[in-house]
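Residues per chain, in single letters:
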Amino acid sequence: MEQLLPHLADLLLDEVEFGDDGVVLSARVRSSTARCRDCRQPSARIHGRYQRRLRDVTVGGAKLVLQLQVRRFRCDSPGCAVMTFAEQVDGVTAPHARLTPGLRGLLTEIGLALAGRAGTRLASALGMPAGRDTLLRLVKALPDPKVSTVKVLGVDDFAFRRGRHYGTVLIDMDTHRPIEMFDGRDGDSLAAWLKQHPGVEIICRDRAGGYGEGARQGAPDAVQVADRFHLWQNLGQAVEKTINLHRTALAAPAPPPADATAPKAVQPPPEKKIIMRLRENYTAVQELAAQGMSKAAIGRKLGLHPATVRKFANARSADDLTAITEQRTHVVDPFTGYLHQRWNEGERNATQLFREIQQQGYPGGELAVQRYLRTFRKGLGHAADPGPKPPTVRQVTSWIMTHPDRVDTRDAAKLRDIRNRDHDLNRLVKHVRAFAVMMTGRHGDRLDDWITTVEKDNLAPLAGFARNLRRDIDAIRNGLTLPQSSGPVEGSINRLKMIKRQMFGRAGLALLRKRVLLAR
């Protein structure tokens, strides 16, 4: 009703009916003439009349319907192609519309916020029932927002279906608003958009090569800034790989026994077949590589995958490879402490022990428990107190990648013990903290020295990360120097994911694009 009030002066109200379905206002246009929709010339020649029913927003929670008597006029202009036309009331009617502009705008906002099914439920609860197709049609009919000159542009990809289908979203970094979305994440689409919208001075992006090349083609004078979040994420992956190679150093050495006569000499278990085969393949790869054979030729000769050949060729020794295999987490590992305790208490029934740990949340089967206890039955091991469980690789990675002041005191002490036991991990921590100081302090001028220092070290995964930085050195240096970052882009990606999941992942690009670009 509030939307109709400014236009009541143009209408003559004939009748107001109150019924079960709501309020019906019967009205007609006050003016005796109307203007042609094409030539805009006024006409007073009435051709006929008909009734229009327009739904409006609710009044006092009741539905409101405007029943308007509309006249058709003949156009008297000789040069106009229109023979007859219907009169319209500005702000109340539109050609072929069954909704007033006020109700149409409100339903459009509901469609932008909630899309189809959820929007339908809310509209019905508010007394403005509308089908999901109606809401989606209103959203799709909205015009695209106008794009002014963008000085700082953010670029990132998002997944329609992870691993298979991706798209690209562009963000105005000054307003933090999405300005465009398109299918694919290749550099050609980005270059085409940049050529159509000149004036971009800074481009914030991730380390994908396609976006870098597209930015160079579309805006060669723009400064490219690599995202610090992705740099830190890639560094964390290299740290985790490095710690995985030194997993044996994570466990504290067993304390000496209180009684020298108590422990019994334990025969070490025979080496597993997988470990023996790994050592043999490592030796063969190293020998063939020393003879000058390429990795591809070695793979064909030994029947190994190229990735396996590279892993064997780059490893410092076979022990680095066997440590990962031997320390692989097993489903029984979280319950070994309890199994040791019960074994020392005299329980030898594997089925009983399996039932006990099953009640504690053990997800595996009984066979795994039997295999674990088999070494004790054969005298290949003893069930002495296993001591505290060593930290996992991810835990140590988290301690290293977290600011020292924010690490828990107990975790910091464990990290110091690990650094004291393993000099390689000690150097790893120093490299990571130097990179953190460089990134948070915006000391991009130190990047070349950091890369050179890490490349000379024998920490292979970290050295690989450092070598990879040289491929995009200018953008990375800018990312470590300039204040711009892709933080607003990541926030828009999270919002985009929420909208996509709200539509159960079934929204096509056209509808998703409208909601992302226009929703508040």
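For the structure itself, look to the data block above.
Values in this document were obtained by computation on a predicted structure and should not be read as measured data. (Residues numbered from 1 in each chain as written. Predicted model: local features only at pLDDT ≥ 70, side-chain atom pairs only at ≥ 80, totals over all residues. Heavy atoms only, no water.)

Peer 1: So what's going on with the packing of aromatic side chains? Which residues, and what values?
Peer 2: This model, assessed by the stated rule, comprises 8 aromatic pairs. Between W450 and F465, the aromatic rings sit 6.2 Å apart at their centres with planes inclined by 85°, giving edge-to-face as the arrangement. With W450 in helix α17 (residues 447–456) and F465 in helix α18 (residues 460–469), this pair connects stretches of sequence that are 15 residues apart. Given the relative accessible area of 7%, W450 is considered buried. According to the relative accessible area criterion, F465 is buried, its value standing at 5%. (Phe/Tyr/Trp six-rings, centres within 6.5 Å; stacked < 30°, edge-to-face > 60°. Helix = DSSP H or I, 4+ residues; strand = E, 2+ residues; numbered from the N terminus. Buried < 20%, exposed > 50% of the residue type's maximum accessible area, 1.4 Å probe, protein only.)

Peer 1: Account for a nonpolar patch on the surface, naming residues and giving values.
Peer 2: A contiguous nonpolar surface patch, about 330 Å² in accessible area, is contributed by L13, V16 and F18. Looking at where F18 falls in the secondary structure, it is placed in strand β1 (residues 11–19). Residue F18 is classed as exposed on the basis of its relative accessible area of 69%. (Patch = residues over 30% accessible without salt bridge, like charges linked within 9 Å, V, L, I, M, F, W, Y side chains within 5 Å. Areas by Shrake-Rupley, 256 points an atom, 1.4 Å probe, with all protein chains shown as cover. Salt bridge = Lys/Arg side-chain N within 4 Å of Asp/Glu carboxyl O.)

Peer 1: Mind laying out the layout of surface pockets, listing which residues take part and the relevant values?
Peer 2: What the second largest pocket holds in volume is close to 860 Å³. Along the walls of the second largest pocket sit 30 residues, with A238, K241, L245, A460 and P461 positioned nearest its centre. Across the lining of the second largest pocket, the residue classes break down as 12 nonpolar, 8 polar and 10 charged. (1 Å grid on protein atoms, 1.4 Å probe; cavity = no way out; pocket = protein on both sides within 12 Å on 5 of 7 lines; lining within 4 Å. Points joined across faces, edges and corners; volume = space filled by probe spheres on them. Nonpolar A, V, L, I, M, F, W, Y, C, P; charged D, E, K, R; others polar.)

Peer 1: With reference to specific residues and values, describe the nonpolar core.
Peer 2: L235, I243, I400, L428, W450 and L469 are the most contacted members of the largest nonpolar core, which has 36 residues in total. Broken down by secondary-structure element, the contributors of at least two residues to this core are α6 (228–245), α14 (393–401), α15 (409–421), α16 (423–440), α17, α18 and α19 (473–479). Among the elements that take part in this core, α16 stands out by supplying 7 residues, more than any other. Leaving out residues up to four positions away in the same chain, L428 has contacts with V239, T242, I243, I400, L459 and L462. With 24 residues, the next largest nonpolar core counts I202, V225, I499 and L518 among its residues. (Core = buried A, V, L, I, M, F, W, Y, C linked by side-chain atoms within 4.5 Å. Contact = heavy atoms within 4.5 Å.)

Peer 1: Please set out α14 residue by residue, giving values where relevant.
Peer 2: Within α14, the full set of buried residues consists of V393, V396, T397, W399, I400 and M401. Packing partners of the buried residues in α14 comprise α6, α15 and α16.

Peer 1: Describe helix α3 (residues 132–140), and please don't skip the residues or the numbers.
Peer 2: When α3 is considered as a whole, its buried residues turn out to be L135, L136, L138 and V139. The buried residues of α3 all sit within an arc of 155° when viewed along its axis, so they share a single face. For α3, the exposed residues lying more than 90 degrees away from the buried face are D133 and R137. Residues of α3 that are buried sit in contact with α1 (101–114), α2 (117–125) and α21 (509–518). (Arc of directions from axis to C-beta.)

Peer 1: So, the pairing of strand β8 (residues 152–161): which residues are in play, and what are the values?
Peer 2: Among the 10 residues of β8, 9 are classified as buried, and the element is accordingly described as predominantly covered. In this structure, β8 lies alongside strand β11 (residues 202–205), joined through 3 bridges in parallel fashion. From the neighbouring strand, V152 faces β11, where its bridge partner is I202. Where β8 meets strand β9 (residues 165–172), 8 bridges bridge the pair, whose relative direction is antiparallel. Residue pairing for β9: G154 is matched across the bridge by I171. Taken together, β8 and the strand that follows it, β9, pair antiparallel across an intervening segment of 3 residues, in which G163 is found at a positive phi of about 85°. (Pairing = 2+ DSSP bridges.)

In short, the description is geometric, and any link to function would need to be established separately.
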